[in-house]
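# Examination of the molecular architecture
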Amino acid sequence: MFKTRTFLVFALLFVVELVSCRLVAPIKAPRRLGSKDNGIVIQDSISLERGDDGTSIILSFDTREAASCKLGFFVPASGRRSSETPNPCANSSATKFSETINGLPKDQLVTIILRIWPAKQSETSATVMLLPEALPSAGANAVNMVFVDMGAARMDLVSVTSSAQPSELVAKSISSNGQQCALSDANTQVNPMTKGALVLQSATSRGFIHATTSRVSPNALGGTFSSVQRQSSEWNITARSTEGFGRIRLTKPTLIASSIFSGREQAEANDDVLEDIDPPAIKVSGGSTMVASWTLAGDAKNSVATLTIAPMGTFPGITCTAPAASMKITVPSDLVAKIPGNNRIWGTIRIDSWQAMDRERWAVRVSDWKSMGVQRL
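Description of the structure in this document. (Residues numbered from 1 in each chain as written. Predicted model: local features only at pLDDT ≥ 70, side-chain atom pairs only at ≥ 80, totals over all residues. Heavy atoms only, no water.)

## Notes on the packing of aromatic side chains
As a reminder of what qualifies: Stacked, edge-to-face and tilted are the three classes for Phe, Tyr and Trp ring pairs, Trp counted by its six-membered ring, which pair at centre distances within 6.5 Å; planes under 30 degrees apart are stacked, over 60 edge-to-face, the rest tilted. Comment: elements are numbered from the N terminus, with helices defined as DSSP H or I runs of at least four residues and strands as E runs of at least two. Any residue under 20% of the maximum accessible area for its type is buried, any over 50% is exposed, and the rest in between are partly exposed; the area is computed with a 1.4 Å probe on protein chains only. Charges are assigned to positions over rings by a cutoff of 6 Å between ring centre and Lys NZ or Arg CZ, combined with an angular limit of 35 degrees from the ring normal.
Using the criterion set out here, one finds three aromatic pairs in the structure. Where Phe61 meets Phe97, the ring centres are 4.8 Å apart and the plane angle is 10 degrees; that geometry is what we call stacked. Pair noted here: Phe61 is in strand β4 (residues 56–74) and Phe97 is in strand β6 (residues 94–102), with a separation of 36 residues, a long-range link. Given a relative accessible area of 1%, Phe61 falls into the buried group. Stacked on the ring of Trp369, the Lys or Arg Arg350 has its end atom at 5.4 Å from the ring centre.

In structure tokens form, the structure reads like this:
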């Protein structure tokens, strides 16, 4: 039996559902903003991303032939607009550009002015492009939803059709009347949410995770990351739509600090790196309970815990949920007795940490995992 964790990952990849007390994520990914071609600059190559401190922008783009350029910016909210671009680009006679524009107001949207011309011609032949920042809103009847799976090292972004505030959707996803435990096929039927058109054309995450997304379907963006900055307090997502580029500032999510699985003995769960050749980590008895406990790095508010024991053969698996603040889940003895005997089965504790941005109409879920082999005697 290979890791049954694969089953969980696929469930997250392709389904966006509202399940009684949680939202189960899908998986998808984006491409860069594509507007109509306009001369020397390749439109799909344009990337505009704020620096970590918010006072600079990195502008990247490709050209069809060697070019030279100048840069400037203005703040549309000021009511003033300037066509002056006094600062020469760092690159000259190039076809690939990565330019840093400094001195931007940290909390105001700006428009970048790019004056560009073929290197073989004079500046008098230049054309001017305006590259605006814009609040990356999903619109009044949609919510952009970001799903980060720490175990799969994936970030995925989709849009769902809903006029509700993102904070309302988050509240539903984490609502709980305490611990609930049942065979997985006995769970409450899901109330699926309708996926809608994703107006975003690209998205890049920086800080907590570094991930660049690409288009995986007409309505989804997705990408992978190689490492997690668990100590970083900075996290932002730069997204691009037809209105321009904008940045969402996020709060560092609540993560699992440690987790213990207890049966006849106890052992610390790990980051899903057990192999099938490893012996079962804990043994449980059919007439006894099994406990999964955890500690958190961060506030338990807006977080929910899910314990799963994977299915095997005719055994449908076990799913338990509880508020993350409860710090433990106890699987009742009658359910433990249903685990197939003398087989090593995957047990996993997952903490889903949610946050909502009502003004921008975004919701974000980060899922952190710890796993353990389980064997019933």
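So that's the structure; there's more coming.
## Concerning the sheet that holds strand β18 (residues 244–249)
The criterion, for reference: Note: two strands are recorded as paired if DSSP finds a minimum of 2 bridges between them.
Pairing within the open sheet is antiparallel, and its four strands lie in the order β14-β13-β17-β18. Looking at strand neighbours, the two that pair on one side only are β14 (211–212) and β18, the edges of this open sheet. Where strand β17 (residues 235–241) lies against β18, six bridges are found, and the strand directions are antiparallel. Its bridge partner being in β18, Ala239 is matched across the sheet by Gly246.

## Some points on the state of the cysteines
Quick note on the threshold: Disulfide: a pair of cysteine sulfur atoms within 2.5 Å of each other.
As enumerated under the stated definition, the model contains two disulfides in all. Two residues, Cys69 and Cys89, share a disulfide whose sulfurs are 1.9 Å apart. Because the sign of the S-S torsion sets the handedness, a value of about -125 degrees for the bond joining Cys69 and Cys89 places this disulfide among the left-handed ones. Separated by 20 residues along the polypeptide, Cys69 in strand β4 and Cys89 in the loop between β5 (87–88) and β6 bring together distant segments of the chain.

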